[in-house]
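Residues per chain, in single letters:
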Amino acid sequence: MTTPITGTMLYDLVQCPHRPTMDLFGDPAKRDETNPFVQLLWEKGNAHEREVIDSLKLPIVDLSLYLGEEKEQRTLEAMKRGEPLIYSGRITADDLLGHPDILRRDGNGYVAGDIKAGAGEFGDGDNTKFKKHYGVQLALYTDILERLGLASSKHPFVWDIDSEEITYDLNEPQGIRNPWTMWEIYEKTLSQARRIAVQTEETYPAYSEVCKLCHWYTACLSDLEKSDDLTLIPELGRAKRDVMVDLIPTVSDLATANIDSYISGKKSSFQGIGSGTLRKFHDRAKLAKMKDACAYLTDAISLPRAETELFFDIEVDPTQGDFCYLHGFVERHGVDNSTERYVPFFAEAISDEEEERVFAEALRYIGDCQPCVVYYYSKYERTIWRKLQSKYPSVCTASDIEELFSISQSVDLYYDIVKKGTEWPTRDHSIKTLATFLGFRWRDSHPSGAASIEWFNHWIQTGDASDKQRILDYNEDDCVATRVLLDGIRTL
């Protein structure tokens, strides 16, 4: 029996080539339980989809109660009748199977659309681009409609979380540096999916942050550790692994390699990897294989000293339109941990008024602590505060935000320090990994930003005080972990 190629398979394949292999051929007993945050995303997506459908003023054929061949037959009948809108249809052609959320009458044919509980594109302003994982799904639906002789155009659409319709021109080049069209990306992805389905292409796992929400995470990580895979080196991802693996197959091989034999000037023997990057990976491999290895400085770093230090971390819910529900700070004086206190600003409801209130109070708190230095990890806090300023301009000006996050007032420990001037014997450089290496432990048994979002949504529904306290404890631990990392860096 031929394995059908579905939109879900292509969606997963764009993000991880190994995921479809595992879903088709992996041992079900090795699957992890569905991550609660992933379950939340499914539930939120379904609820948003239902809200959108219920809000439509136009007549619509709702096929959501039907399954399998009956759903497909009713979809074809509705299209033959020329129904203006069809919800939750099923269409097939050859080995392709699609479940478009919307089929909309357009001239003499139909155009497919999906309802997404996220942004229809990524990027800001004039720099927005199509999402490949959305695009390949839409292209699959369009391909099926064309094969059935029912397509009106190659312009499917997404109805996104902001109720905007984003048209995906499948024949439009992605950009000057990436001239591929979404249709060409779809055809390439479809070809790979077919090879995976008939097992003529073998895929391999690769370690990355996105893996942690996947139900194959434990199984893949076990395989990676057994094979001593190169992607266990920080920043050495799948693409770099794949160009290196024939000559340098494992971390141990890289650690013991005569690296100069692969280097010529600024280039290396591996396409897309410069000599400096290869030497960095070599150093990391040696560090990974060193017994009782310690972190060390690779460059001189300059860390400010201040009487008052603030360690800053926020919590944001992307299922609520990037709603920022918590701004947390650990305040310390005189580099004395006994002076630490946790200062949270928590939104008591999902509303613009609450989001604006806690943003304003957090900003005022930083002002009241001046002079001080604010420490945070990666650019996320700055990005979200820029968005908050744009959304609530009465709280402060754009220049106020830029001044707050300037090098004179704050330090991004990840980009400014860890990434530029340190090395660690760990497989990634997340705050949890580095703080754990330095001996810190979170109070919660399963700490993560994704878990915090799940707890927040449960608290919104139930008002359970234990959920709120769990969020606050987790956020406080994140702030303390940032302090632990700062103090650890100062000892290198």
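See the structure printed just above.
Quick summary incoming for the structure in this document. All values reported here derive from a predicted model rather than from experimental measurement.

Conventions we followed
- Residues numbered from 1 in each chain as written.
- Predicted model: local features only at pLDDT ≥ 70, side-chain atom pairs only at ≥ 80, totals over all residues.
- Heavy atoms only, no water.
- Helix = DSSP H or I, 4+ residues; strand = E, 2+ residues; numbered from the N terminus.
- Rg over C-alpha atoms; globule rule 2.2 N^0.38 Å.
- Buried < 20%, exposed > 50% of the residue type's maximum accessible area, 1.4 Å probe, protein only.
- Contact = heavy atoms within 4.5 Å.
- Areas by Shrake-Rupley, 256 points an atom, 1.4 Å probe, with all protein chains shown as cover.
- Lys, Arg positive; Asp, Glu negative; His and termini not counted.
- Charge placed at Lys NZ, Arg CZ, Asp CG, Glu CD.
- Core = buried A, V, L, I, M, F, W, Y, C linked by side-chain atoms within 4.5 Å.
- Pairing = 2+ DSSP bridges.
- 1 Å grid on protein atoms, 1.4 Å probe; cavity = no way out; pocket = protein on both sides within 12 Å on 5 of 7 lines; lining within 4 Å.
- Points joined across faces, edges and corners; volume = space filled by probe spheres on them.

Regarding the overall build of the protein
The helix and strand inventory of the protein stands at 17 helices and 20 strands. Its C-alpha atoms give the protein a radius of gyration of 25 Å, within 12% of the compact-globule value 23 Å for 492 residues. Its C-alpha atoms give the protein principal-axis dimensions of roughly 75 × 60 × 45 Å. Looking at the 492 residues of the protein, the share that counts as buried comes to 48%. Long-range pairs, those at least 24 residues apart, make up 63% of the contacts in the protein between residues at least 6 apart in sequence. Accessible area for the protein stands at about 24,200 Å²; split by element, carbon and sulfur atoms hold 49% of it. Considering the protein, the positive charge centre built from 56 side chains and the negative charge centre built from 82 side chains are found 5 Å apart.

With respect to the side chain of Ser-88
Within the element layout of this structure, Ser-88 appears in the loop between β3 (85-87) and β4 (91-93). Excluding anything up to four places from it in sequence, Ser-88 contacts Leu-63, Ser-64, Lys-71, Pro-100 and Asp-101.

Some details on unusual backbone geometry
For the peptide bond that leads from Gln-370 to Pro-371, omega is 0°, which places it in the cis range. Locating Pro-371 in the fold gives a position in the loop between α11 (352-368) and β18 (373-376). Even without glycine at this site, Asp-94 takes up a positive phi of about 55°. On the secondary structure map, Asp-94 appears in the loop between β4 and β5 (96-98).

Concerning the nonpolar core
Among the nonpolar cores identified, the biggest contains 68 residues, and Tyr-325, Phe-329, Trp-385, Leu-413 and Leu-485 are the most heavily contacted of them. Counting residues per element, this core draws most heavily on helix α17 (residues 465-490), at 10 residues. Every residue in contact with Leu-485, bar those within four places of it in the chain, is listed here: Tyr-377, Leu-413, Val-418, Trp-424, Ile-431, Leu-434 and Leu-438. Counting 36 residues, the second largest nonpolar core, distinct from the first, contains Leu-96, Tyr-134, Val-136 and Tyr-186.

Examining the pairing of strand β15 (residues 308-317)
Note on strand geometry: in a regular strand, side chains alternate between the two faces of the sheet. With 10 of 10 residues buried, β15 is to be regarded as a mostly interior element. Alternating residues of β15 divide into Thr-308, Leu-310, Phe-312, Ile-314 and Val-316 and Glu-309, Phe-311, Asp-313, Glu-315 and Asp-317, and every residue in both groups is buried. Between β15 and the antiparallel strand that follows it, strand β16 (residues 323-333), lie five residues; Gly-321 among them carries a positive phi value of about 70°. In this sheet, β18 lies alongside β15 in parallel orientation, the contact comprising three bridges. Across the sheet, the residue bridging to Phe-311 is Tyr-375, located in β18.

Describing the sheet that holds β4
Within a sheet, each strand pairs with its neighbour through backbone hydrogen bonds, oriented either parallel or antiparallel. One open sheet holds the three strands; their spatial order is β1-β5-β4, and the pairing between them is mixed. Looking at which strands have only one partner, the edges of the open sheet turn out to be β1 (5-6) and β4.

What about the layout of surface pockets?
Taken as a whole, the second largest pocket spans an internal volume of roughly 420 Å³. As for the second largest pocket, its lining consists of Leu-13, Val-14, Gln-15, Pro-17, Lys-132, Asn-178, Trp-180, Ile-185, Lys-188, Thr-189, Gln-192 and Arg-195. Only α1 (7-15) and α6 (182-197) provide two or more residues apiece to the lining of the second largest pocket.

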